[in-house]
Amino acid sequence: MLYAILCYHDEAVVGGWSKDEDDAVMAKLAVVHGKLAEQGRLGPVARLLPTTAATTLRKDDPPVVLDGPFAETKEQLLGFYVVEAENLDGALEIAQDLGRANPGGAYEIRPIGVFHGVFKP
Amino acid sequence: MTDVAWIDAALTSARPQALGALLRYFRDLDTAEEAFQNACLRALRTWPQNGPPRDAAAWLIMVGRNTAIDDIRRGKRQQPLPDDDHAISDLDDAESELADRLDGSHYRDDILRLLFICCHPQLPATQQIALALRIVSGLTVKQIARAFLVSEAAMEQRITRAKAVIARNKVPFEAPGAPERSARLAAVAAMLYLVFNEGYSAGGDSADLRTPLCEEAIRLARLLLKLFPAEPEIMGLAALMLLQYARSAARFDESGAVILLEDQDRSLWNPTMIAEGLALIDKAMRHRRTGAYQIQAAIAALHARAATPGKTDWPQIDLLYGSLEILQPSPVVTLNRSVAVCKVRGPQAALDMIAPLAAKLANYFHFFGVQGAYLMQLGRGDEARESFNRAIALANTTAEADHIRKHIDRLVEESRTKLAAER
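Asker: Whenever I open this one, the side chain of B:Arg251 confuses me. Can you help?
Answerer: Residue and element names in this part refer to chain B. Position of Arg251 relative to the elements: it lies in the loop between helix H11 (232–245) and helix H12 (271–285). As a buried residue without a salt bridge, Arg251 has its nearest oppositely charged side chain in Glu400, at a separation of 8.1 Å. A polar contact is formed between the side chain of Arg251 and the backbone oxygen of Tyr200, at a distance of 3.0 Å. Those residues in contact with Arg251 that lie beyond four places of it in its chain are Tyr200, Ala257, Val258, Ile259 and Gln264.

Put into structure tokens, the structure is as follows:
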């Protein structure tokens, strides 16, 4: 089964990391990514640019373009993974591995209903 | 990341909001800073055991306020307690409720005010920058001194003097009206760009020491954009900084000499920063409210979008500089425009364009560097060499001087080859 792991964190805190701190987190994550990829369980991974770069299209009639993210929240959606796991326990295990490499914030584990595109095993 | 590193990042990111609210409450910068400092010390003691609070800024405001009030009550400070009228009306014991209310407009004006007091017109640019880095960013005097390449004592004195100017003048505590708010925003944007340029204009030899200034300016510009998400000029400012800073790794060679934009290895440009900068300028342009930062960012964006120097849209850059000349006339803008004109209409047209600027830019390094380059292209070697020599005499950094010397070397080389051919 495919799961989306949505990464939430306070972007002001993440944006305050120095380059060294950021690099250190990325290096630790790369180890976890490598393990998942080897097992053929890692789908698309994305790190999103800050919410200040976001634009929202409200599908009203006529559509309205708004500056900023859809939801103003204390913690922001900063990135996501698509992973393959047997069940929720498996997905949680992956999330916990990722979380040990990148503490702080929260992961929302969300089963995927329909997936178009390439899942590279 | 370790606990301490996490707490440090959380305190840094909460600082502008927390200090801004404490300043609104105590109306005195020293008291507010001390209150914030005490709250941070408390955080370092209690957060590792109790875990971080849900809202770090709200926690720091509350704890900072309470410790300062205790100090005042115990007579440790001469500062009178603020009247109830002036008190932070949205401070409550319930942290969650407080956090919700703080997300509102108060918080926006608090941070803007904190930035704005650093842009006092009586403060010279260097003092504005130093003050903002000390107060808003919370860099230590040692860090700031290092970035400015001055001694710690000199920087300490500079900041103390700047603070004295602010203390003598009334800090504007009333919530600003719309025109006042937009005036403050413009002043703060200009100050942030100063911070950025202080870091960006450093030569290759000191660039590493100064990059924190660029990073801090970008962080504060993003913060400002979060507070004013629909302001195209703030988008433009953030885009401009990101697009310029993205080129950092390609700007100097190993010896620290300047590498011109068209000679830079574009694979060294930071693609993530460029993506963010382009996203922001695209957003800004949709508002159809032009401004100087947006135009400069649009020019930087055209460079960033060109895969090779040959693919640069020089006619469009020429037009954009034309708009900038109207909006913000300055000899330096015209000088920059001439570079695009040289590409579009040739070196003679560019030389004609800058001829009237000679008197105004008589002490400006870049004027003579650019003039020499046009003369060289026109084959007027002796005049070119004269311009380059004047440029070297006016160079601000050794990197600048070295870059010009390379031009002269090329001229010498060319004339030698020519002489040899004639023989």
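Asker: Can you walk me through the interface of chain B and chain A in this structure?
Answerer: For interface size, the figure often reported is the accessible area lost on association. Listed as interface residues are 23 residues of chain B and, on the opposing side, 24 residues of chain A. The tally of links from chain B across to chain A stands at 1 salt bridge. Viewed at the interface, chain A and chain B are joined by 5 residue pairs in polar contact (both at pLDDT 80 or more). Put simply, the parts of the chain that give the side of chain B that touches chain A at least two residues each are helix H1 (3–26), helix H10 (207–227) and H12 of chain B. Looking at the side of chain B that touches chain A, the element that brings in the most residues is H12(B), giving 6 residues. A class-by-class count of the residues in the side of chain B that touches chain A yields 12 nonpolar, 3 polar and 8 charged.

Asker: It is not clear to me how helix H18 (residues 381–394) of chain B should be interpreted in this structure. Could you clarify?
Answerer: Because each turn of an α-helix spans 3.6 residues, side chains separated by three or four positions in sequence point in the same direction. Residue and element names in this part refer to chain B. Over its 14 residues, H18 extends 20 Å from the first C-alpha to the last, a length consistent with the 20 Å expected when each residue adds 1.5 Å. For H18, the full list of buried residues reads Ala384, Ser387, Phe388, Ala391 and Ile392. In an axial view of H18, the angular spread of the buried residues amounts to 140 degrees, which keeps them on one side of the axis. Residues of H18 that are exposed and point more than 90 degrees away from the buried face comprise Asp382, Glu386 and Ala393. Residues of H18 that are buried in the fold lie against helix H17 (365–377) and helix H19 (398–422).

Asker: Looking at this structure, I do not really get the packing of aromatic side chains. What am I missing?
Answerer: Think of a pair of aromatic rings as described by two things: how far the centres are apart, and how the planes are tilted against each other in angle. Residues and elements named next belong to chain B. Scanning the model with the defined rule gives 6 aromatic pairs over all chains in all. Judged by centre distance (5.2 Å) and plane angle (20 degrees), the rings of Phe196 and Tyr200 are stacked. Taken together, the residues Phe196 and Tyr200, both in helix H9 (residues 178–200) and 4 residues apart, mark about one turn of the helix. The pair formed by Phe196 and Tyr200 is uniform in burial state, with each residue classed as buried. Relative to Phe368, the ring of Phe367 has its centre 5.1 Å away and its plane inclined at 90 degrees; by these criteria the two rings are edge-to-face.

Asker: Teacher, can you tell me more about H11(B) here?
Answerer: Compared with an ideal rise of 1.5 Å per residue, which puts 14 residues at 20 Å, H11(B) spans 20 Å between its outermost C-alpha atoms and is within 8% of the ideal. Burial analysis of H11(B) places 13 of its 14 residues in the buried class, the great majority of the element.

Asker: Mind showing me how you'd approach the packing of H12(B) against helix H13 (residues 292–305) of chain B here?
Answerer: Between two packed helices, both the angle of their axes relative to each other and the distance between the axes serve to describe the pair. All names here are of chain B. At a minimum axis distance of 10 Å, the contact between H12 and H13 shows a crossing angle of 135 degrees. Our classification of the angle between H12 and H13 gives oblique. Crossing handedness for the pair H12 and H13: left-handed. Judged by residue contacts, Ile274, Leu278, Ile281, Asp282, Ala284 and Met285 of H12 engage Gln294, Ala297, Ala298, Ala301, Ala304 and Arg305 from H13.

About the thresholds
- Residues numbered from 1 in each chain as written.
- Chains lettered and ligands numbered in written order.
- Predicted model: local features only at pLDDT ≥ 70, side-chain atom pairs only at ≥ 80, totals over all residues.
- Heavy atoms only, no water.
- Helix = DSSP H or I, 4+ residues; strand = E, 2+ residues; numbered from the N terminus.
- Buried < 20%, exposed > 50% of the residue type's maximum accessible area, 1.4 Å probe, protein only.
- Lys, Arg positive; Asp, Glu negative; His and termini not counted.
- Salt bridge = Lys/Arg side-chain N within 4 Å of Asp/Glu carboxyl O.
- Polar contact = N/O pair within 3.5 Å; in protein donor to acceptor, adjacent residues only side chain to side chain.
- Contact = heavy atoms within 4.5 Å.
- Nonpolar A, V, L, I, M, F, W, Y, C, P; charged D, E, K, R; others polar.
- Expected span 1.5 Å × (residues − 1).
- Arc of directions from axis to C-beta.
- Phe/Tyr/Trp six-rings, centres within 6.5 Å; stacked < 30°, edge-to-face > 60°.
- Axes fitted to C-alpha atoms, helices over the stretch in contact; angles between N-to-C directions.
- Parallel < 35°, antiparallel > 145°, perpendicular 65-115°, else oblique.
- Left-handed = near helix turned anticlockwise from the far one by under 90°.

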